[in-house]
Amino acid sequence: MWKGVIEAYRMFLPVTDATPVVSLCEGNTPLIQLHNLPGLFNIAAEWYAKYEGLNPTGSFKDRGMCMAITKAKEAGSKIVMCASTGNTSAAAAAYAARAGMACCVLIPEGKIALGKLSQAMLHGALVLQIQGNFDDALTLVREITAEYPITLVNSLNPYRIEGQKTGAFEIVDQLGDAPDFHFIPVGNAGNITAYWKGYTEYFSHQKSTKLPKMMGYQAAGSAPIVMGHPIEHPDTIATAIRIGNPASWQQAVAARDESGGLIDMVTDDEITQAQQMLAGHEGIFCEPASAASIAGVIKYAQANRFESGQRIVSILTGHGLKDPTRAIEIASRPVVVDRTKAAILKVLSPMLESA
Ligand SMILES: *Cc1c(COP(=O)(O)O)cnc(C)c1O
């Protein structure tokens, strides 16, 4: 039975037999080979999607939160706090509930997907909306947690990174080796940092024969690393990566440079197209930010070749149901028909003819 990432990768994590593990059986997410997109974009390599949206709260944040809450509990902490674009708050609220701890989350007003907000609320967190963006929220949370007996569970908390690196272990275990390219959305840059740590640790334990190129993608309206300076008013429909001053900026740049990879950006239109293509041609529903890792592959393939025999992994960081509002905005409307067979057949006939 799968018992979550701490039990699965205990020897690579900072836990002892006495550590009170708080888990919701996160991890062990499927690595799905894409069958239709490679042909549509003339990509000769094998292309896989790591579907992190299938974690217990619907995003990869569970890997890190499991570790952060476990260590907070071990240290005797009673309260945890985070700033969040949404998914961190959902994970923090859920794992805090599981651990019997109190949780306070600070989110940017109006810029949080509904699914995520509903999770934080129902798990019983104290949800505070501020008139400001994620970066403002994180600054406040850092100040408050430095002064009061509250544990910070943003990815500045090193245990978050420890938990999240298990995503890289799973990919290597699933593929039998590291991929050639690792495409990932970049927001606060904790996840690209964590994956690079995981890949290099596994490599040094001879669990893989190579290291992937780390290919990070920001949204064009929130691309501080690409621009080379913080963005004061970040903007994108991909709210999970709407971050102007990433906390792990230096580590992301190091992962890029050490791996011979790239940090680039994709527009909201490219993100939306990628989300639709993945849903419509592969049957996989991810949230907008996650689709940056698909849009990144498509963009990269326009100017560069992927060779057959190479392997690409795109990290689908969160589930599409997190942001139903956006999905409904971009998809075609349901057709209203009379309650008769004739009316239905009339609308259905083009489909029957083309089949
Ligand atoms: C948090 C998040 C990201 C960004 O990850 P970082 O570690 O902040 O770079 C991307 N996609 C989704 C769905 C997220 O929840």
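Before reading further, recall that the structure is shown in the block above.
Here the structure is a predicted model, which is why all the values come from computation and not from measurement. (Residues numbered from 1 in each chain as written. Predicted model: local features only at pLDDT ≥ 70, side-chain atom pairs only at ≥ 80, totals over all residues. Heavy atoms only, no water.)

Novice: What exactly am I supposed to notice about the environment of Phe203 here?
Specialist: In this fold, Phe203 is placed in helix H9 (residues 190-204). For Phe203, a relative accessible area of 33% translates into the label partly exposed. Linking Phe203 and Ala18, residues 185 residues apart in sequence, is a C-alpha distance of 28 Å. Discounting residues that sit within four places of it in the chain, Phe203 has contacts with Ser208, Thr209, Lys210 and Leu211. (Helix = DSSP H or I, 4+ residues; strand = E, 2+ residues; numbered from the N terminus. Buried < 20%, exposed > 50% of the residue type's maximum accessible area, 1.4 Å probe, protein only. Contact = heavy atoms within 4.5 Å.)

Novice: What is the right way to look at a nonpolar patch on the surface in this model?
Specialist: Where nonpolar side chains cluster on the molecular surface, the patch consists of Val335, Val337, Ile344, Leu345, Val347, Leu348, Met351 and Leu352 and spans about 720 Å² of accessible area. Structurally, Leu348 is set in helix H15 (residues 341-354). Leu348 sits in the partly exposed class, given a relative accessible area of 33%. (Patch = residues over 30% accessible without salt bridge, like charges linked within 9 Å, V, L, I, M, F, W, Y side chains within 5 Å. Areas by Shrake-Rupley, 256 points an atom, 1.4 Å probe, with all protein chains shown as cover. Salt bridge = Lys/Arg side-chain N within 4 Å of Asp/Glu carboxyl O.)

Novice: Which parts of the structure should I look at to understand the site of the ligand?
Specialist: The local shell around the ligand holds 16 residues, among which Lys61, Asn87, Asn188, Asn191 and Thr317 are the closest. The separation between an oxygen atom of the ligand and a polar main-chain atom of Gly187 is 2.8 Å. Contact distances for the ligand include 2.7 Å between a nitrogen atom and a side-chain N or O atom of Thr317. Of all the secondary structure elements, the ones that give two or more residues to the shell around the ligand are H9 and helix H13 (288-303). Split into classes, the residues belonging to the shell around the ligand amount to six nonpolar, eight polar and two charged. (Near = heavy atom within 4 Å. Polar contact = N/O pair within 3.5 Å; in protein donor to acceptor, adjacent residues only side chain to side chain. Nonpolar A, V, L, I, M, F, W, Y, C, P; charged D, E, K, R; others polar.)

Novice: Which parts of the structure should I look at to understand the packing of helix H12 (residues 268-282) against H13?
Specialist: When two helices pack together, their arrangement is given by the angle between the helix axes and the distance between those axes. In contact at an axis separation of 7 Å, H12 and H13 are set at 95 degrees when each is read in the N-to-C sense. On the basis of the axis angle, H12 is roughly perpendicular to H13. Taking contact as the criterion, the partners of Glu270, Ile271, Ala274, Gln275 and Leu278 in H12 are, on H13, Pro288, Ala291, Ala292, Ile294, Ala295, Ile298 and Lys299. Counted by class, the contact of H12 with H13 contains nine nonpolar, one polar and two charged residues. (Axes fitted to C-alpha atoms, helices over the stretch in contact; angles between N-to-C directions. Parallel < 35°, antiparallel > 145°, perpendicular 65-115°, else oblique.)

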